[in-house]
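# Secondary and tertiary structure notes
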Amino acid sequence: MELLKTIFGYDDFRPLQKQIIDHILAKKDTLVVLPTGGGKSLCFQLPALMFDGLTIVVSPLISLMKDQVDQLQEMGVSAVCLNSSLPADQYRHHMSLIRQNQVKLLYIAPESLVRPQILEMLGAVTVDCLAIDEAHCISAWGHDFRPEYRLLAQIRPRFPEAVCAAFTATATPAVQKDIQASLGFSADTGFKPFIGSFDRENLRIRVIFKDNPLQQTLGFLEAHKQDSGIIYCLSRKQVDALADQLAVQGFLVRPYHAGLDDTKRNRFQTEFIRDDVRIIVATIAFGMGIDKPNVRFVLHYDLPKSVENYYQEIGRAGRDGLDAECLLLFSHADIPRLKSLVTGPDEQQNRAAWFHLEDMVRFAEAQDCRKKRLLAYFGETAATDDCGMCDNCLAPADQVQDLTIEAQKFLSCVKRTGERFGAGHIIDVLRGAETKKIFQFRHHLLSTYGIGKEVSKKQWFYLSRQFQSKGFVQREDNYGGLTLTPEAWGVLKKETRVSGWLDPRHRLSQSSEAAT
Ligand code: ADP
Ligand code: ZN
């Protein structure tokens, strides 16, 4: 408590901070999953001051390291970093300070930490804590896998006296397991995970159908005349174009992406933080480690690559606890471009990336409470079914269409074709198409052949996704056929009524009208 006040200047701990710090001080391995802004840094910085030896902080980005080291030094804490951007004499100076036990916190990237020269130096001093920031980077199932993080698995045993604490703001239950396994965390040696709440009650979440994004953006900004906010785009080109278009309209706006040189980027970021400019148009490069309390809106001009990314990005709004608006412009037309963007040489990583993207699409299409979905994604159960802060909870119920008949037709067609075909073939059968596959399997003889002609192919696809997300049908994997769930029988036996939307455009434009 004394250090909290005198060094960090805070009166009290934030939720979980005290428990986490106690656990680390007891030298028990720890996994911390706390949302951005939850106060993770303090959880390793404070113990670092109480330990006699050194705390190593592994961090992926030089800019993040630098910010934290600068802050700590300002508070009078002896913290240094070792990275390739340091001048040689300073690097040597930092090394000698560490050797003389004069450093409390060493910030370092994983690929530097494994260098023999560094390991040798660290072997000669006492290391009390190995803190791993952005720990989700260790998991190939995470949304931001960094192969160099894998090296940490080998490093961990080199510091048997040190407690290991992993920190992340985004980890699904699967990624949490992966982190645990990679670092050899075991309950037998006192390991414990600390998972904070991901609920951000002050964020209002909406998704609208993207048809004229520039006009939609201008309309949105019109309603946020005084507010400061971030607009996320997929590509640098889009960032530059949109920033220009908004500047022409008289907005105080700056672009931000990895293609700009460092000086410019830093200047734009500072201008934004100081409220000298109101709007930042950015790629996802923007925001890591940014702590601006009064971001009033986050607008997604394009679909994010994953729910984790989405959550991180909207999480930059409303840090001051006041209400903030999150608007996502969603169009199915963006999906192929996104898919190619996340596709690389590694087959396994592609599968993970497509999987994440598909989750994001499902989130955008969802018709139930969005907050509940977000929380469920991170393994948390929402307190209510109706948050009152998302478009779906706010949409009047009478706008929903009755889809019971369509659901019955679709599900019985899945049944009659033997539960082994994908949506495309089922829809062909329903619409009475004359494909080779239909004749080959003699599906033109089924009673469900051609009973869904009045619904367009596109509408059927949209319906099929809704039936999936409502849990009537499921798929083993991306390539497998659709199978019925026990819930589907309620629909087939005419016990369950199904509601939803025939057209995404209809539904999403309704909700945008309702919200304005
Ligand atoms: P995270 O790494 O989880 O995103 P940070 O460690 O950057 O979060 O902390 C977010 C903000 O909260 C920082 O401005 C930090 O100074 C502040 N903060 C952290 N702990 C406390 C506390 N106990 N009381 C008040 N402010 C705190
Ligand atoms: Zn809701």
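One can find the structure itself at the top, above this paragraph.
The notes below deal with the structure included here. This structure is a prediction, so every number in the text was calculated from the model and none was measured. (Residues numbered from 1 in each chain as written. Chains lettered and ligands numbered in written order. Predicted model: local features only at pLDDT ≥ 70, side-chain atom pairs only at ≥ 80, totals over all residues.)

Let us look at the overall build of the chain. The number of helices and strands found in the chain is 24 helices and 17 strands. Relative to the 2.2 N^0.38 estimate, which gives 24 Å for 516 residues, the radius of gyration of the chain is 26 Å and therefore close to what a compact globule would have. Put simply, the chain has 516 residues, and 40% of those count as buried. Restricting to contacts in the chain with at least 6 residues of sequence separation, those with at least 24 account for 73%. (Helix = DSSP H or I, 4+ residues; strand = E, 2+ residues; numbered from the N terminus. Rg over C-alpha atoms; globule rule 2.2 N^0.38 Å. Buried ≥ 20, exposed ≤ 12 C-beta atoms within 10 Å, placed from the backbone. Contact = placed C-beta atoms within 7 Å.)

Close contacts around ligand 1 come from 14 residues, with Tyr-10, Gly-38, Gly-39, Lys-40 and Ser-41 the closest. Sort the elements by how many residues they give to the shell around ligand 1 and helix α3 (residues 40-50) lands first, with three residues. Of the residues belonging to the shell around ligand 1, the class tally is five nonpolar, six polar and three charged. (Near = placed C-beta within 6 Å. Nonpolar A, V, L, I, M, F, W, Y, C, P; charged D, E, K, R; others polar.)

Moving on, we get to the pairing of strand β11 (residues 279-282). Within a regular strand, side chains alternate between the sheet's two faces. Of the two faces of β11, the one holding Ile-279 and Val-281 and the one holding Ile-280 and Ala-282 are both buried throughout. Tracing the backbone out of strand β10 (residues 253-256), into helix α13 (residues 262-273) and back to the parallel element β11 gives a crossover that is right-handed. (Right-handed = clockwise from strand over helix to strand, strands pointing away.)

The next point concerns unusual backbone geometry. With a phi angle near 50°, Glu-134 is a residue other than glycine that sits in the positive phi range. Following the sequence through the fold, Glu-134 ends up in the loop between β5 (127-132) and α8 (147-150). Look at Glu-134 and you get buried, because 23 C-beta atoms sit within 10 Å. Phi is positive for Lys-494, which is not a glycine, with a value near 60°. For Lys-494, the position within the fold is in the loop between α23 (486-492) and β17 (499-500).

Here Phe-355 lies in helix α16 (residues 347-365). Under the C-beta neighbour-count criterion, Phe-355 is labelled partly exposed, with 14 such atoms within 10 Å. Each C-alpha atom of the pair Phe-355 and Trp-141 lies 9.5 Å from the other, and the pair is 214 residues apart in sequence.

This part is about the packing of helix α19 (residues 404-416) against helix α20 (residues 423-430). At a closest axis distance of 10 Å, the pairing of α19 and α20 adopts a crossing angle of 110°. Regarding the angle of α19 to α20, the classification is roughly perpendicular. α19 and α20 meet at a crossing whose hand is right-handed. Residue-level inspection shows Lys-409, Phe-410, Cys-413 and Val-414 of α19 in contact with α20, the latter providing Ile-426, Val-429 and Leu-430. Here the contact of α19 with α20 is composed, by residue class, of six nonpolar, no polar and one charged. (Axes fitted to C-alpha atoms, helices over the stretch in contact; angles between N-to-C directions. Parallel < 35°, antiparallel > 145°, perpendicular 65-115°, else oblique. Left-handed = near helix turned anticlockwise from the far one by under 90°.)

Strand order in this open sheet of six strands is β8-β13-β12-β9-β11-β10, and the pairing throughout is parallel. Whereas interior strands pair on both sides, the edge strands pair on one side only; in this sheet they are β8 (203-209) and β10. Strand-to-strand, the axes of this sheet are offset by a mean angle of 15°, without reference to chain direction. Examined bridge by bridge, strand β9 (residues 228-232) and β11 share four bridges and lie parallel to one another. Pairing of Ile-231 across the sheet is with Val-281, part of β11. Relative to β10, α13 is tilted by about 135°, and along the sheet it contacts β10 and β11. (Pairing = 2+ DSSP bridges.)

In terms of burial, strand β13 (residues 324-330) is largely enclosed, as seven of its seven residues are buried. Bridge count for β8 against β13 is seven bridges, and the pairing is parallel. Among the inter-strand pairings, Ile-205 is bridged to a residue of β13, identified as Cys-326. With four bridges joining them, strand β12 (residues 295-300) and β13 adopt parallel strand pairing. What sits directly across from Phe-297, in β13, is Glu-325. Handedness of the crossover is the feature at issue here: the chain leaves β12, passes through helix α14 (residues 307-314), returns alongside β13, and the resulting connection is right-handed.

Where α20 contacts helix α22 (residues 457-469), the axes come no closer than 10 Å and their chain directions differ by 130°. Taken as axis vectors, α20 and α22 run oblique relative to one another. Along this stretch, α20 crosses α22, giving a crossing that reads as right-handed. Of α22, the residues touching α20 (which contributes Ala-423, Ile-427 and Leu-430) are Lys-457, Trp-460, Phe-461 and Ser-464. Of the residues belonging to the contact of α20 with α22, the class tally is five nonpolar, one polar and one charged.

So, about helix α12 (residues 236-248). For α12, which comprises 13 residues, the first-to-last C-alpha distance of 18 Å matches the rise-based estimate of 18 Å (1.5 Å per residue) to within 8%. Of all the residues in α12, the buried ones are Val-239, Leu-242, Ala-243 and Leu-246. On an axial view of α12, the arc spanned by its buried residues comes to 100°, and they lie on one face. Among the exposed residues of α12, those oriented more than 90 degrees off its buried face are Lys-237 and Val-248. Here the buried face of α12 lies against β9, β10 and β11. Directly after α12, the chain includes Gly-250, whose backbone phi takes a positive value near 95°. (Expected span 1.5 Å × (residues − 1). Arc of directions from axis to C-beta.)

Spatial ordering of the open sheet is given by β3-β4-β2-β5-β6-β1-β7, a layout of seven strands whose pairing is parallel. Looking at strand neighbours, the two that pair on one side only are β3 (79-82) and β7 (192-195), the edges of this open sheet. Each neighbouring strand pair of the sheet contributes to a mean axis angle of 20°, computed without reference to strand direction. Where strand β1 (residues 30-33) meets strand β6 (residues 163-168), four bridges bridge the pair, whose relative direction is parallel. Residue pairing across strands places Val-33 opposite Thr-168, the latter belonging to β6. Of the strands in this sheet, β1, β2 (54-58), β4 (105-108), β5 and β6 are in contact with α3, which crosses β5 at around 170°. Set on the sheet, helix α5 (residues 88-99) makes contact with β2, β3 and β4; between it and β3 the angle comes to about 125°.

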